[in-house]
Amino acid sequence: EEYVFFPEGLPTMRVFEYALRKFQEEIGLSCTCHNLRHSYASMLLSANVDARSAMELLGHADIQTTLNIYTAVEKSHKAAIAGSLNDYVKKRTE
């Protein structure tokens, strides 16, 4: 099985962090591996990937880790949820 960005297999953390640092210098971005992981986890759930699949993709042993620590509901997703709830209540009261 090949990896998209690393056809030779996954790099060590040291090699990855070095490559990330070089990339950040080139484009003027500043973030950590943890920031990227947190964003990835949040985007998985915002894209409606089920929590169990997200847990497996992130390599967590416990689904609560995925749900409680690495994810946050994005503002746009909160607005959509509120809109859905408002529509539901409106239909029930008409």
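Our structure's up above, just so we're on the same page.
Attention here is on the structure that accompanies the text. (Residues numbered from 1 in each chain as written. Predicted model: local features only at pLDDT ≥ 70, side-chain atom pairs only at ≥ 80, totals over all residues. Heavy atoms only, no water.)

**Concerning the overall build of the chain**
Within the chain, the regular secondary structure consists of five helices and zero strands. When the helices and strands of the chain are listed from N to C terminus, the series reads α-α-α-α-α. Looking at the chain as a whole, 16% of its 94 residues qualify as buried. Once local pairs closer than 6 in sequence are excluded, the contacts in the chain between residues at least 24 apart make up 29%. Entry remark: accessible area of the chain is about 7,800 Å², with carbon and sulfur atoms responsible for 56%. (Helix = DSSP H or I, 4+ residues; strand = E, 2+ residues; numbered from the N terminus. Buried < 20%, exposed > 50% of the residue type's maximum accessible area, 1.4 Å probe, protein only. Contact = heavy atoms within 4.5 Å. Areas by Shrake-Rupley, 256 points an atom, 1.4 Å probe, with all protein chains shown as cover.)

**Overview of unusual backbone geometry**
Located in the positive-phi region is N48, a residue other than glycine, with phi close to 65°. With respect to the element layout, N48 can be found in the loop between helix 2 (33-46) and helix 3 (51-58). Residue N48 is classed as exposed on the basis of its relative accessible area of 64%.

By themselves, these are just geometric observations and shouldn't be taken as functional.
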